[in-house]
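Each chain is listed here by its residues.
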Amino acid sequence: MDQQENLIFENLLYLEDQFLFKRVSLFEKFINKDLEKYKNSPYYESLVYALKGGKRLRPIILFLTAETLGMPKEDYFPAAFAIELIHTVSLVHDDMIDKEVYRRGLKSYYLVYGEEQAILLADFTLALVLELANRYKNKQVASILADTVRSMSEGQLLEIKLRNQNEISWENYFQIIQNKTASLFEASARIGAILSTDNEYYIESASFFGRYLGIAYQIYDDLRDWDKKEYVQKLKVDNKKEFLNEKLHLYLDLSRKALNKLPQNNVRNILNKFIDLIIKV
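What counts and what doesn't
- Residues numbered from 1 in each chain as written.
- Predicted model: local features only at pLDDT ≥ 70, side-chain atom pairs only at ≥ 80, totals over all residues.
- Heavy atoms only, no water.
- Axes fitted to C-alpha atoms, helices over the stretch in contact; angles between N-to-C directions.
- Helix = DSSP H or I, 4+ residues; strand = E, 2+ residues; numbered from the N terminus.
- Parallel < 35°, antiparallel > 145°, perpendicular 65-115°, else oblique.
- Left-handed = near helix turned anticlockwise from the far one by under 90°.
- Contact = heavy atoms within 4.5 Å.
- Nonpolar A, V, L, I, M, F, W, Y, C, P; charged D, E, K, R; others polar.
- Patch = residues over 30% accessible without salt bridge, like charges linked within 9 Å, V, L, I, M, F, W, Y side chains within 5 Å.
- Areas by Shrake-Rupley, 256 points an atom, 1.4 Å probe, with all protein chains shown as cover.
- Salt bridge = Lys/Arg side-chain N within 4 Å of Asp/Glu carboxyl O.
- Buried < 20%, exposed > 50% of the residue type's maximum accessible area, 1.4 Å probe, protein only.
- Phe/Tyr/Trp six-rings, centres within 6.5 Å; stacked < 30°, edge-to-face > 60°.

It is the contact of helix 9 (residues 170–194) with helix 12 (residues 240–259), at a shortest axis distance of 14 Å, that shows an interaxial angle of 45°. Here helix 9 is positioned oblique relative to helix 12, judged by the angle of their axes. Regarding helix 9 and helix 12, the two cross each other, and that crossing is right-handed. Here Trp 170, Tyr 173 and Phe 174 of helix 9 lie close against helix 12, whose contacting residues are Phe 243, Leu 244, Lys 247 and Tyr 251. Taken together, the residues of the contact of helix 9 with helix 12 sort by class into 6 nonpolar, no polar and 1 charged.

Among the surface-exposed residues, Val 101, Tyr 102, Leu 111 and Val 112 lie close enough to one another that they form a single nonpolar patch of about 360 Å² accessible area. With respect to the element layout, Val 112 can be found in helix 6 (residues 109–113). On the basis of relative accessible area, Val 112 is assigned to the partly exposed category, the value being 39%.

With respect to the element layout, Tyr 110 can be found in helix 6. The spacing of Tyr 110 and Glu 100 is 10 residues in sequence and 9.4 Å in space, taken between C-alpha atoms. Among residues more than four places away in sequence, those in contact with Tyr 110 are Asp 95, Met 96, Lys 99, Glu 100, Glu 115 and Ala 118.

Take the packing of aromatic side chains next. Enumeration according to the criterion identifies 19 aromatic pairs in this entry. Between Phe 174 and Tyr 251, the aromatic rings sit 5.7 Å apart at their centres with planes inclined by 35°, giving tilted as the arrangement. Here Phe 174 is found in helix 9, whereas its partner Tyr 251 is found in helix 12, with 77 residues between them in sequence. The buried category is assigned to Phe 174, whose relative accessible area is 17%. With a relative accessible area of 11%, Tyr 251 lands in the buried category. Among the aromatic residues, those joined into a ring-pair cluster are Trp 170, Tyr 173, Phe 174, Phe 208, Tyr 212, Phe 243 and Tyr 251.

What follows is the structure in structure tokens.
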């Protein structure tokens, strides 16, 4: 998926007169400046390494959702960075558990810095996420992040526990992808929404948009990397690929319907194009 994501990112940057290019560029500067505070930490170098090559898809969802709903009341960069840190550490642990050799064109973190440091990186990153969340007057940000990390860890554990089973039910598969992947997409959209509006209808619609997009994205990823996804091949359904393709289109459609409940404007149009770019069907 790395080459595909590189192409996605290049296309995204030039959407709508470099609308996203400007925001992603500013976000990268924010990350670099924020990390400078930890330059003397023994984790600094390795965290910079772990963050390399990330396409910032989840922060982009947060940016665009916030701006679809108006002018954010608080800076969305700290929350977006917290989202990216959570995602990055989840990949570090995934690679170690799955014994992956490469990530984003580089050697996996645990192979460069060791398994012990890969485990401990999560503790260090937790401190950064807590500090970032604490910058907000709106305490829902911290609550959403906490719920999301819990959900992701539960999804990862369920996947591990089901590894030795010969078959996996659709219900268990769905729970894994909803917890591991969709929860962070949902958090990105929900936080973006609450930073811009108090309208509960829009907040819930944005949340469903993120959740359904996350489900569709993971199914799409599983179909593209079919040979590498052992747990997907154990799915206890007939005609597995056809079944998952139907689910992909279902949740993609649900995502668009939820998105289209948000105000119609140029930024929402970019979000719709964003969906087309990350999921090619």
